[in-house]
Each structure stands twice: as structure tokens, then as C-alpha cells.
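Remarks on the overall topology
What follows is the residue order along each chain.
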Amino acid sequence: EVQLVESGGGLVQPGQSLRLSCTGSGFTFGDYAMSWFRQAPGKGLEWVSFIKSNAYGGTADYAASVRGRFIVSRDDSGSIAYLQMNSLKTEDTAVYYCTRALWLDLLVHPFDYWGQGTLVTVSS
Amino acid sequence: DIQMTQSPSTLSASVGDRVTITCRASQSISSWLAWYQQKPGKAPKLLIYKASSLESGVPSRFSGSGSGTEFTLTITSLQPDDFATYYCQQYNSNPWTFGQGAKVEIK
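Residues numbered from 1 in each chain as written. Chains lettered and ligands numbered in written order. Predicted model: local features only at pLDDT ≥ 70, side-chain atom pairs only at ≥ 80, totals over all residues. Heavy atoms only, no water.

Now for the packing of aromatic side chains. Aromatic ring pairs are defined here through the distance separating the ring centres and the angle between the ring planes. Scanning the entire structure with this criterion turns up 14 aromatic pairs over all chains. Ring centres of Phe50(A) and Trp96(B) lie 4.8 Å apart, and the angle between their planes is 85 degrees; this geometry places the pair in the edge-to-face category. Note that Phe50(A) is positioned in strand S5 (residues 45–51) and Trp96(B) in the loop between strand S9 (85–90) and strand S10 (97–98), a pairing that runs across two chains. The same class applies to Phe50(A) and to Trp96(B), which are both buried. Counting every residue linked through ring pairs, the aromatic cluster contains Phe37(A), Trp47(A), Phe50(A), Tyr97(A), Trp103(A), Phe111(A), Trp114(A), Tyr36(B), Trp96(B) and Phe98(B). The cationic tip of Arg100(A) hangs over the ring face of Phe27(A); the distance from NZ or CZ to the ring centre is 4.9 Å. (Phe/Tyr/Trp six-rings, centres within 6.5 Å; stacked < 30°, edge-to-face > 60°. Helix = DSSP H or I, 4+ residues; strand = E, 2+ residues; numbered from the N terminus. Buried < 20%, exposed > 50% of the residue type's maximum accessible area, 1.4 Å probe, protein only. Lys NZ or Arg CZ within 6 Å of the ring centre and 35° of its normal.)

This is the structure in C-alpha cells:
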């Protein structure tokens, strides 16, 4: 059974950092691109970041709202994706979800499995 | 960025009804469109990808159609488990963007 489990959320003050983890199981983690989305309280869904599989260079991309502050990485040996969030702002408050996708030179099969989400609250 | 607009934002329906939700893209996205269902406190669930392909395990009462800039999600006979919020998402180009959501409520 495919599972994605996020961890690392919590309450932090503006300007602080937090690292989220996403542990995958039930599939060959290294074959998939991984992506992070977020959902602010009572709001819609927003894409945050994406990292391709190493077979496609392991390159990453970011939403403009987090570019330069967030860094996505992956450890295929441990089946974990990370989201390092720096210089956090109050507007980063949201539930953060990790997902997987099949990337073969293009996104052939989008986000079919999602984690349960982890809440990040940025507040003074 | 490609803007995605869903209509209606809220829909009241009864069990057994046929329900249609529309999603419009601000520019052509070919067929690179997905539909998700989300229930309160839960992660989104992929229903449809590539505009009309049914995700494995999703009931056949869900269907998608369209290409270019206009798309629809249809539920042929609404079931109690279908009351939820539905989002469309384009994955034609980064940043991948969502519609604002369409909430299907019990009439």
C-alpha cells in the first residue's frame, strides 16, 4: 500500500525556520517526482515546490511566493523528501501536503497519492 | 501564471442528482487537467487526470471532459459520499494552479 507521511510541522515565530519531512512507503520512491502543496486555513490549494527524480536530474522548482526561502531535497535511500522552510512569514501558515507524481520528461501522471498533511503555524 | 476559474462555487444537490462542475483556464492547457475531491480535514483525492482519464479505484459515476480552455466534471448519480469540495488543477505549465473549488452541499 502506497503511503506518504509528513512530519515536522509546528508553531514558529516569523523569521524562523522549519524542516518538513515526507516519508514514502509501498512504492519505489526513487522512481517518482515529489511535490509539496499547501492549504491555508479555509482556503484553496497552492502548489509550493517540486523535485524531479534523480533519473531526470533531481532538479527542483518553486512557487514565486517561496522561491529563495524554501528548499526541497530528497534522500532516495531513506525514501524521504524534505522541505526546508526559512524566513517564515505569517502568510506561510497552512497545512502542508506532500505528494508523488510520475515525471517522464513531462508530468505524465499527476499527484495520485497525498500525505495526511502537517500544520505549520507562523505567529508571534 | 494560468488562472483557473470554477463554477459554480457552491452547488446544492440531492442524492441521485446529476451534477456538473465547470473549469475554465485563462489559456489553452491542452488536456493537462486534473480533478480532485477534498473532504474537511482530509487530503485531496485524485479523481480524473488528463481531462478525462479515470484514476484507478474511482467510481465510474465520475467523468471528465474537455480540452483547451473549458472542462467539466460530471457526477452522474450523486451519492452521500460525494458531498465534498472539488478542485480542478492545470499541469500544463508551472506554476501548477488550481481553481478556487466547488463545494457540493446537500440540498
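Contacts between chain B and chain A engage 17 residues on the former and 20 residues on the latter. The three residues of chain B that bury the most area against chain A are Pro44(B), Trp96(B) and Phe98(B), which together make up 34% of that side's buried surface. Applying the counting rule to chain B against chain A returns five residue pairs in polar contact (both at pLDDT 80 or more). Listing elements by their share of the side of chain B that touches chain A, those giving two or more residues are strand S4 (33–38), strand S5 (45–49) and S9 of chain B. Per-element tally for the side of chain B that touches chain A: the top contributor is S4(B), with three residues. (Contact = heavy atoms within 4.5 Å. Buried area = accessible area lost by both parts, 1.4 Å probe. Polar contact = N/O pair within 3.5 Å; in protein donor to acceptor, adjacent residues only side chain to side chain.)

By themselves these figures say nothing about function.
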